[in-house]
Amino acid sequence: MDMDVKSTPPSITSVCLLAGKIMLQSGAETHRVEDTMQRIAASFGKTASQSYVTPTGIIFSIDGTDPTNFMRISERSTDLHKIAVVNSISRQVTNGELSMTEANDQLKQTDLDSYSFSLFFQVIAAALVSGCFAIMFDGSWLDFVPAMVAGAAGYLAMERFHDWVEIRFFAEFLASVIIGLLSLLFIHLQLGAEMDKIIIGAVMPLVPGLLITNAVRDLMAGHLVAGLSKGAEALLTACAIGAGIAVGISFV
């Protein structure tokens, strides 16, 4: 005999944690994640919620009597569109336009969706950015194409190496080595005018600009642990890029 089984409605905690997870994995600041989670909880009548967010984890509790929940964040990227979608869902919840189940369904769909462009378009964008930065930093038009090629190759190498090596530091280091070697090759073949301008333009797609911005914003908001950890991560990335370029041009 068939029986209709109703799905268990989501809890306030699970909705808040899902929203926080999506935002943190997409590159949002920790104070924005905490504020969004608390606003969603308050919209469903839980005004005493507490949240503590670091770049690698979320601790959340509705009140002092309920169990405290922890969620580990292991993968982080940059997806500003997902952050905007979660902010939109949060505003709709706050305005009473979405029920808990509807908000949970939309958040799950957002978590599954991929708004990023294909790797091909990302590499093309990296090439254009590299060439334009080379010109912006007083490079000549002779450096435009070499910077584009080196920047595209470096970005593609970083993405491929990151698929093979889980530690992003080594992927960025190896990509920078390739940029340094290509820049040296272009100068040797007299296809570029200034090697430093080619290198500066080519490494710009690898520079952790959003990470540095979020580190400063978190520090200004009083989130010292998150701000310092993101600052340290950005510093490691800068060291990887610098060391890779040094190794690449050491053959001169």
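It should be emphasised that the depicted structure is a prediction, and the values quoted were computed from it without experimental measurement. (Residues numbered from 1 in each chain as written. Predicted model: local features only at pLDDT ≥ 70, side-chain atom pairs only at ≥ 80, totals over all residues. Heavy atoms only, no water.)

**With respect to the overall build of the protein chain**
So, point 1. Helix and strand counts for the protein chain stand at 10 helices and three strands.
So, point 2. Overall, the C-alpha framework of the protein chain stretches about 75 × 45 × 30 Å when taken along its three principal axes.
So, point 3. Considering the protein chain as a whole, with its 252 residues, one finds that 40% of them fall into the buried category.
So, point 4. In the protein chain, the share of contacts with a sequence separation of at least 24, taken over all contacts with a separation of at least 6, comes to 63%. (Helix = DSSP H or I, 4+ residues; strand = E, 2+ residues; numbered from the N terminus. Buried < 20%, exposed > 50% of the residue type's maximum accessible area, 1.4 Å probe, protein only. Contact = heavy atoms within 4.5 Å.)

**As for the side chain of glutamate 29**
So, point 1. Among the structural elements, glutamate 29 can be located in the loop between α1 (12–25) and α2 (30–43).
So, point 2. Judged by its relative accessible area of 5%, glutamate 29 is buried.
So, point 3. Polar contacts involving the side chain of glutamate 29 include one to the side chain of arginine 217, which spans 2.9 Å.
So, point 4. Excluding anything up to four places from it in sequence, glutamate 29 contacts Asn214, Arg217, Asp218 and Lys230. (Polar contact = N/O pair within 3.5 Å; in protein donor to acceptor, adjacent residues only side chain to side chain.)

**Describing the sheet that holds strand β2 (residues 57–61)**
So, point 1. The three strands lie next to each other as β1-β2-β3, forming an open sheet whose pairing is antiparallel. Unpaired on one side and paired on the other, β1 (50–54) and β3 (69–72) mark the two borders of the sheet. Sheet twist, expressed as the average angle between the axes of neighbouring strands with direction ignored, equals 10°.
So, point 2. Here β1 runs beside β2; their pairing, made up of five bridges, is antiparallel. (Pairing = 2+ DSSP bridges. Axes fitted to C-alpha atoms, helices over the stretch in contact; angles between N-to-C directions.)

**Notes on the confidence of the model for the protein chain**
So, point 1. Averaged over every residue, the pLDDT of the protein chain is 86; the share at 70 or more is 95%.
So, point 2. When the criterion is pLDDT under 50, residues 1–5 qualifies, and its contacts beyond four places in sequence or with other chains add up to zero contacts. (pLDDT = per-residue confidence, 0-100.)

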